[in-house]
Amino acid sequence: MYAKIKSRAPLGIEGIMIDVESDISSGLPQLSLVGYLSSSVREAGDRVRTALKNSGFAIPPKRVTINLSPADIRKDGSGYDLAIAMSILCNMQVFSEEQLNDLKLDETLFLGELGLDGQVRPINGVLPMVHYAKQSGITQVFIPKENAPEASFIDEIKIYPVSTLNEMIDMIQKKDLLRPIRNEDYFFYSKEESNEFDIADIKGQETMKRGMAIAVAGFHNILLTGAAGSGKSFLAKCIPGIMPCLTYNESLELTKIYSVAGLLHNDIGLINKRPFRSPHHSSTQAALLGGGPIPKPGEVSLSQYGVLFLDEFPEFHRNVIEALRQPMEDRYVTISRSRAKYTYPANFMLVAARNNCPCGNFPDRKKCHCTIKQIQDYEKKLSQPIMDRIDIKIEVHPVKGEDLFGAEKENKGITFGKYKAGTSSELRELIENVRERQRFRYRNESFLYNAEIPQKKISEYIKVKEKDKKVLQEAFEKGGISARGYFKILRLARTIADMEDSDEIREKDINEALFYRNRQDRNEDEY
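Note that this is a predicted model, so its numbers are computed, not measured.

Caption draft 1: Region of interest: the overall build of the chain. Check the secondary structure of the chain and you find 23 helices and 20 strands. Principal-axis analysis of the C-alpha atoms places the extent of the chain at approximately 90 × 50 × 45 Å. Classification of the 527 residues of the chain by burial places 54% in the buried group. Long-range pairs, those at least 24 residues apart, make up 73% of the contacts in the chain between residues at least 6 apart in sequence. Counting only carbon and sulfur atoms, one obtains 48% of the accessible surface of the chain, whose full area is about 24,000 Å².

Caption draft 2: Representation of the sheet that holds strand 11 (residues 276-277) within the structure. Spatially, the five strands line up as an open sheet ordered 11-14-17-10-18, and their pairing is parallel. At either end of the open sheet lies a strand with only one pairing partner, and these are strand 11 and strand 18 (392-396).

Caption draft 3: Highlighting the confidence of the model for the chain. Of all residues in the chain, 91% attain a pLDDT of 70 or more, and the chain-wide mean is 87. Of all helices and strands in the chain, the one with the weakest mean pLDDT is helix 18 (residues 401-405) (60), whereas strand 14 (residues 307-310) scores best (97).

Caption draft 4: Structural detail: the side chain of serine 230. Structurally, the position occupied by serine 230 is in the loop between strand 10 (222-226) and helix 10 (232-242). Take serine 230: its relative accessible area is 2%, and that puts it in the buried class. At 2.7 Å, the side chain of serine 230 forms a polar contact with the backbone oxygen of alanine 227. Apart from the residues within four sequence positions on either side, serine 230 is in contact with Gln205, Val396, His397, Pro398 and Val399.

Caption draft 5: Quick peek at the pairing of strand 1 (residues 2-11). Pairing analysis gives 10 bridges linking strand 1 to strand 2 (residues 14-25), with the strands arranged antiparallel. Directly across from serine 7, in strand 2, lies its bridge partner isoleucine 18. Here strand 1 folds back onto strand 2 in antiparallel fashion, the turn holding two residues, of which glycine 12 has a positive phi close to 70 degrees.

Caption draft 6: Quick look at the pattern of salt bridges. The final tally for this structure, using the stated rule, is 32 salt bridges. The partner of arginine 274 in a salt bridge is glutamate 250, with the nearest N and O atoms 3.3 Å apart. Within this pair, whereas arginine 274 is found in the loop between helix 11 (248-261) and strand 11, its partner glutamate 250 is found in helix 11, the two being separated by 24 residues in sequence. Grouping residues by exposure puts arginine 274 and glutamate 250 together as buried. In this structure, a network of salt bridges that share partners links the residues Arg437, Arg441, Arg494, Asp498, Asp501 and Asp503.

Caption draft 7: Spatial organisation of the nonpolar core. Counting 57 residues, the largest nonpolar core has Met349 and Leu427 as its most contacted members. Per element, the largest residue contribution to this core is eight residues, and it comes from helix 22 (residues 483-499). Once residues lying within four places of it in the same chain are set aside, the contact partners of leucine 427 are Ile199, Met212, Ala213, Ile242, Ile414, Phe416 and Ala421. If you look at the next biggest cluster of nonpolar residues, it comprises 44 residues, including Ile59, Leu68, Phe95 and Val162.

Caption draft 8: Highlighting the packing of aromatic side chains. By the definition in use, this model includes 11 aromatic pairs. A centroid spacing of 6.4 Å and a plane angle of 65 degrees characterise the contact between phenylalanine 313 and phenylalanine 316, whose relative ring orientation is edge-to-face. Pair check on accessibility: phenylalanine 313 and phenylalanine 316 agree, each one buried. Of the aromatic side chains, those joined through ring pairs into one cluster are Phe110, Phe142 and Tyr160. Positioned over the ring face of tyrosine 449 is arginine 435, at 4.4 Å from the centre of the ring. The cationic tip of arginine 443 hangs over the ring face of phenylalanine 440; the distance from NZ or CZ to the ring centre is 4.1 Å.

Caption draft 9: Main features of helix 16 (residues 372-379). Those residues of helix 16 lying buried are Ile375, Tyr378 and Glu379. Along helix 16, the residues classed as buried sweep out an arc of 100 degrees about the axis, all on the same side. Looking at the buried positions of helix 16, the neighbouring elements they touch are strand 17 (349-354).

Caption draft 10: Quick look at the packing of helix 3 (residues 81-91) against helix 7 (residues 165-173). Across the interface, helix 3 lies against helix 7 with an axial gap of 12 Å and an inter-helix angle of 50 degrees. Between helix 3 and helix 7, the interaxial angle falls into the category oblique. As helix 3 packs across helix 7, the resulting crossing turns out to be right-handed. Judged by residue contacts, Leu82, Ala85, Met86 and Leu89 of helix 3 engage Leu165, Met168, Ile169 and Ile172 from helix 7. Looking at the contact of helix 3 with helix 7, its residues break down into eight nonpolar, no polar and no charged.

Each value, and the rule that gives it
- As a convention, each chain's residues are numbered from 1 in the sequence order in which they are written.
- Totals for whole chains, interfaces and linings use all residues, but because this is a predicted model, local features are given only for residues with pLDDT of at least 70 and pairs of side-chain atoms are given and counted only at 80 or more.
- Water and hydrogen atoms play no part in the side-chain values, which are based on all heavy atoms of the structure.
- Starting at the N terminus, helices and strands are each numbered in turn, a helix being any DSSP run of H or I of at least four residues and a strand any DSSP run of E of at least two.
- Note on exposure labels: buried denotes an accessible area under 20% of the residue type's maximum, exposed denotes more than 50%, and partly exposed covers the range between, all computed with a 1.4 Å probe on protein chains only.
- Note on contacts: a residue pair is in contact if any heavy atoms of the two residues lie within 4.5 Å.
- For accessible areas, the Shrake-Rupley method is used with a probe of radius 1.4 Å. Any residue's cover is judged against the shown protein chains and nothing else.
- The pairing criterion is simple: DSSP has to find at least two bridges between the two strands.
- Across the chain, each position has a pLDDT score giving the predictor's confidence in that residue, from 0 to 100.
- The term polar contact refers here to a pair of N or O atoms within 3.5 Å; inside protein, the definition further demands a hydrogen-donor-capable atom paired with an acceptor-capable atom, and it admits residues adjacent in sequence only when both atoms are side-chain atoms.
- The salt bridge definition used is simple: a Lys or Arg side-chain nitrogen within 4 Å of an Asp or Glu carboxyl oxygen.
- Here, nonpolar core means buried Ala, Val, Leu, Ile, Met, Phe, Trp, Tyr and Cys residues that are tied together by side-chain atoms lying within 4.5 Å of each other.
- Each pair of aromatic rings taken from Phe, Tyr and Trp, with Trp reduced to its six-membered ring, is defined by centres within 6.5 Å and is described as stacked if the planes are under 30 degrees apart, edge-to-face if over 60, and tilted in the remaining cases.
- To sit over a ring, a charge needs its Lys NZ or Arg CZ within 6 Å of the ring centre and within 35 degrees of the ring normal.
- The arc in question is the one spanned by the directions pointing from the helix axis to the C-beta atoms.
- Interaxial angles span 0 to 180 degrees and are taken between N-to-C directions of axes, which are lines fitted to C-alpha atoms, for helices over the stretch in contact.
- Note on angle classes: values under 35 degrees are labelled roughly parallel, values over 145 roughly antiparallel, values of 65 to 115 roughly perpendicular, and the remainder oblique.
- In this scheme the crossing of two helices becomes right-handed for a clockwise turn of the near helix relative to the far one and left-handed for an anticlockwise turn of less than a right angle.
- Charged residues are taken to be Asp, Glu, Lys and Arg, nonpolar residues to be Ala, Val, Leu, Ile, Met, Phe, Trp, Tyr, Cys and Pro, and polar residues to be all remaining types, Gly included.

Following this line, the structure appears as structure tokens:
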């Protein structure tokens, strides 16, 4: 007897269809699994055999061969158990031909791990697997009951959640029990707008707040440099509060990433809050970029459409910092293994913070006793290629005493053209308008934000007058900017003009972009 059941293997946040083939033939009693399997999949034979026995379906004493095809893709994890059990049950003729025809096996996917008692246990990555199964022509899926909420995010596909192997068998044998869940019973999506940190609570620091707003509007990377206690971390924590709400498609893709990573909480529906990830500076390269024996998304992918905040940036290991070059440029991470290649999105906004010196007190020479060489060596921990990929660099100065201890003053806010924003909600409204402007401008493109404009498209979307080009040419000839930096300044100027509600890029927009882009080197007397 021969049977074929469909399952799916995760590959990044996508997947590949797996055919689980089984054959029961005469020979010495044996259950063998083939098809380039990891140890966790090879162990499925014992799990499935025992689960079937404890569910009342003992495998006949014959030779049972299970093949997971295609054989050139390595299979990891325990999500194939349910498909393997179903394939054996079909071979044992537990179901009639009429029942299998009614089920439409060719359009049915089986996902789930089995316990020895026949319980169907949840697995990671169900959401992306169901999503791509639908695109492959699958119309219905049997999954663990605990995974039903995330699977319900995908419409136009029937979801059958099961708790035990016997429950699945009964549903197939008794047609009246085969009832898919209703998406509305599980699915819910709401926009997240609250944030406990508000820019209105930041005293002074108008230049810093303005630079932050520009960075968020165009999705530019930003580096905050200043003495300890000057407000760098607090400012970074305010950023999610001024970012526009996630769109439905962004929310769905972000939820898929967290599903693969095993970090999805089924009681919250689709993830509706932009991520703010703040890994410790002792994090490894695999933790930041992703990897491991069974590759999982790293912090750069978990920060998708949100903020990756790297506090004490120079304290990260040099190889970790340098590994950020590719995802900062390409907006995705590729993890290559001998058995497969995994690609994860990494469209994040980098917010990095550092002190001026090892002790953190410079330029206050009453507290800072670092030598000039120590300060220079500390600055050199960040290489030029990394610094070149950061759009905005801001010197954060300590809060003035009059701002901190003075009487409560009216919050003047940040002014962009005719628009003034004093709170995070007001600033978010402006940024939403600017983001909408960018979406309309790039409606026929694969990118959404000014920071993402490909170099070959810059001349099409960024027009600079000849007289204003001289400002950029002068900065380039003085050696202050590289070729990459030149194009980043143009993208930054485009965002500044958008914030000012201007279709035209003006000289003042370019000068402000140069100001935020070029952190001036210190002279000897500054040390």
